[in-house]
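Report on the structure
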Amino acid sequence: MRKACWDQIQITSASELIVIYAKIADLDPKSDYVKSSFARKTHHNAAAIETYINIFAGFFANFKDERDVYGWSKAQCFLAAQNMMMQAAILGIDSCAIEGYNESELNEILGIDPSKKRVAMLLPFGYRIKEQKPQIRQSLHDILRYR
């Protein structure tokens, strides 16, 4: 897997490696996944499920193709990954979101059908061996405007 991820060392050196998948086929408004998701949200209220599915179908209709679905699904994965990474940092565990990989090689290694799901990112977690060098960052004053 490391070779498919541009030989990034974290792939093999991390204590844990999580592969986060972006759903594709499951996000179709007619899918069982969407129906069961809204059923849980509405405590299985049939009228509410139908309302949510219709709203979601209207939103989903804005996607022009599978790339749009993947883009939106991947963004949802980033939100979940951000929460995992922040909690890990609070616990003193390092992480590094990895989006650099050869998708077709990774799909083959992981046995993924990209019409059903695609890798959104890989997320290694672990403890650093060496102390990290200080990060050189722009000041918030230079990049942020309050109005």
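Residues numbered from 1 in each chain as written. Predicted model: local features only at pLDDT ≥ 70, side-chain atom pairs only at ≥ 80, totals over all residues. Heavy atoms only, no water.

If a probe the size of a water molecule is rolled over the atoms, the empty space left behind becomes visible. As a volume, the largest pocket reaches approximately 500 Å³. Every residue lining the largest pocket is counted, 17 residues in all, and those nearest its centre are Gln10, Ser13, Tyr127, Arg128 and Ile129. Mapped onto the lining of the largest pocket, the elements with two or more residues apiece are α1 (10-13), β2 (94-95) and β3 (117-126). Residue composition of the lining of the largest pocket, grouped by class: 7 nonpolar, 6 polar and 4 charged. Space inside the second largest pocket adds up to approximately 160 Å³. Mapped by element, the contributors of at least two residues to the lining of the second largest pocket are α2 (32-41) and α4 (66-90). With 4 residues, α2 is the single largest residue contributor to the lining of the second largest pocket. For the lining of the second largest pocket, the residue count by class is 6 nonpolar, 3 polar and 1 charged. (1 Å grid on protein atoms, 1.4 Å probe; cavity = no way out; pocket = protein on both sides within 12 Å on 5 of 7 lines; lining within 4 Å. Points joined across faces, edges and corners; volume = space filled by probe spheres on them. Helix = DSSP H or I, 4+ residues; strand = E, 2+ residues; numbered from the N terminus. Nonpolar A, V, L, I, M, F, W, Y, C, P; charged D, E, K, R; others polar.)

Our next topic: the pattern of salt bridges. The full count for this structure, using the stated rule, is 6 salt bridges. Its salt-bridge partner being Arg2, residue Asp7 comes within 2.9 Å of it at the nearest N-O pair. Classification of Arg2 as partly exposed rests on a relative accessible area of 26%. Residues Asp26 and Lys23 are paired through a salt bridge, measuring 3.6 Å at the closest nitrogen-oxygen approach. In this structure Asp26 comes out as partly exposed when scored by relative accessible area, which is 31%. Residue class for Lys23 comes out partly exposed when judged on its relative accessible area of 30%. (Salt bridge = Lys/Arg side-chain N within 4 Å of Asp/Glu carboxyl O. Buried < 20%, exposed > 50% of the residue type's maximum accessible area, 1.4 Å probe, protein only.)

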